[in-house]
Amino acid sequence: MKNYDCEISARLLELDAQVMKDCAPCFERIEKTQFHNRQRVLRAFTDNRIAASLLGSSTGYGFGDSGRDRLDKLFADIVGAPDALCRTNFMSGTHALSVALFALLRPGDLLLCATGAPYDTLRGVIGGSGVGSLAEFGVGYEQLEMRNGAIDLAALAAAAPRAKVVHIQRSRGYAARAALSCGEIEQAAAVAKKANPNVTVMVDNCYGEFCESREPTAAGADLMAGSLIKNAGGAVAQTGGYVAGRADLVELCGHRLTAPGTGRELGSSPAGLRETYLGLYFAPCVVEQALKTSVYAARLFSLLGYETSPAFDAPRGDIVTAVRLKTPAKLIAFCEAVQARSPVDSFAAPEPWPMPGYECDIIMAAGAFTAGSSIELSCDAPLREPYDVYMQGGVHLDYSRAALLYAAQRVLTEEKK
Ligand SMILES: *Cc1c(COP(=O)(O)O)cnc(C)c1O
């Protein structure tokens, strides 16, 4: 590689060559999965007869917006679910998950989280006070801690009979455990349903889309939700989220997304749906690059002596890699470097701040074309022991390499101080 970045040492460039060599077998596995995923996406586009006339905009109520309705159907087919809402009207992944939980749960019901404490932004949805949370509507909550990175199936079987909804978070969030595979989700769903045939299994699929050759809704989950400014938006969608799963449950989500009694018939897209369709089409291509970025980062930092999770050659159920940097100085240097090698706002300096919905100060590097997009190369970290940085995204491995080599350089400089 010709060195365009004079701040990266010759030693690191040599290491880059080693990393690429070590990662080759993993890259090949990723390419195989994504060849399959692109076929499933293309097949859904042709089967659903996606036409140019569907890509445009609608206004007002959005009654009869056939582009929007066809997008729902397309998304459902891609993820192997009976039905879906794939909408620009979802503000975020948290919004989609919140809509799903409020759609499924009624006063007196119990929400059982099988994967420990849920993602930080869901804590307000479940137990917040003075915000109209599930707890304030009389919905009970229990959580099962994970054991050695896996769902505690015995505890799940024992608790499921009390639950209306079992919530499974596929990605790690800010926890020190690997993402769950669809196989593990399938096993947990079967255990929960054997113990309680009426239970609804709901999956937080954020960061998981297209990482494997199937999705949780094709592996026993009744419903799943996620964000379109992560994997499923292919770095093209400018906003939005989705829910997908059993048709009766998706219908209920429609009534929660708009208004009870009105449902999914409403929702216009004044900016048009071209980016949402295009993003979905690109999603397996972009997830391929994000997975390669994740593998590359894990190998690079493990060769530099840092613990990473997962290991570079471990199977992946999401696009996230955590690097244990151990000191706040190295963590901040890593984030500054990723920001400095971003296409947008490269000159900005990320600083730790008390982000709403999160429990301690967070530092984030995100120089993205879409604000807050984490399918573009980004990293974030809570400022707390053991100073793990969580990185994800990357629209192309080569751009990611440039940023990660610079991050490695900055971390090495901190080591010498
Ligand atoms: C990102 C994320 C969310 C929330 O999505 P937003 O779009 O940021 O609101 C929820 N759960 C997990 C596991 C996530 O990674």
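The preceding data block contains the structure.
Note that the structure is a prediction, hence the values are computed from the model and not measured.

Caption draft 1: Quick peek at the pattern of salt bridges. Counted by the stated rule, this structure contains 30 salt bridges. Here Lys 292 makes a salt bridge to Glu 31, at a shortest N to O gap of 2.7 Å. Here the residue Lys 292 occupies a position in helix α8 (residues 274-303), and Glu 31 occupies one in helix α1 (residues 10-47), the gap between them amounting to 261 residues. Take Lys 292: its relative accessible area is 9%, and that puts it in the buried class. Judged by its relative accessible area of 35%, Glu 31 falls in the partly exposed class. Notably, a salt bridge pairs Arg 274 with Glu 275, separated by 3.8 Å at the nearest N-O pair. Residue classification places Glu 275 among the partly exposed residues on the basis of a relative accessible area of 24%.

Caption draft 2: Examining unusual backbone geometry more closely. The amide bond that connects Ser 309 to the next residue, Pro 310, takes the cis arrangement and shows omega of -5°. Of note, the amide linkage connecting Glu 385 to Pro 386 takes the cis form, showing an omega dihedral of 0°. At Phe 210, a position not held by glycine, the phi torsion is positive, near 70°. Tracing the chain through its elements places Phe 210 in the loop between β5 (200-204) and β6 (223-227). Residue Phe 210 is classed as buried on the basis of its relative accessible area, which comes to 1%. One non-glycine residue, Asp 345, lies in positive phi territory at about 60°. In this fold, Asp 345 is placed in the loop between α9 (328-340) and β10 (362-366). In this structure Asp 345 comes out as partly exposed when scored by relative accessible area, which is 39%.

Caption draft 3: Looking closely at the side chain of Gln 289. By the element assignment, Gln 289 lies in helix α8. Not counting the four nearest positions on each side in its chain, Gln 289 is found in contact with Gly 394, Val 395, His 396 and Leu 397.

Caption draft 4: Molecular detail of the packing of α8 against helix α10 (residues 397-416). Close contact between α8 and α10 brings their axes to 10 Å; oriented N to C, the two are set at 25°. Between α8 and α10, the crossing angle belongs to the class labelled roughly parallel. Crossing angle aside, the handedness with which α8 passes α10 is right-handed. Judged by residue contacts, Gln 289, Lys 292, Thr 293, Tyr 296, Ala 297, Leu 300 and Phe 301 of α8 engage Leu 397, Ser 400, Arg 401, Leu 404, Leu 405, Ala 407, Ala 408 and Val 411 from α10.

Caption draft 5: Structural detail: the side chain of Asn 37. If you trace the backbone, Asn 37 turns up in helix α1. On the basis of relative accessibility, which here comes to 0%, the residue Asn 37 falls in the buried class.

Basis of the calculations
Residues numbered from 1 in each chain as written. Predicted model: local features only at pLDDT ≥ 70, side-chain atom pairs only at ≥ 80, totals over all residues. Heavy atoms only, no water. Salt bridge = Lys/Arg side-chain N within 4 Å of Asp/Glu carboxyl O. Helix = DSSP H or I, 4+ residues; strand = E, 2+ residues; numbered from the N terminus. Buried < 20%, exposed > 50% of the residue type's maximum accessible area, 1.4 Å probe, protein only. Contact = heavy atoms within 4.5 Å. Axes fitted to C-alpha atoms, helices over the stretch in contact; angles between N-to-C directions. Parallel < 35°, antiparallel > 145°, perpendicular 65-115°, else oblique. Left-handed = near helix turned anticlockwise from the far one by under 90°.

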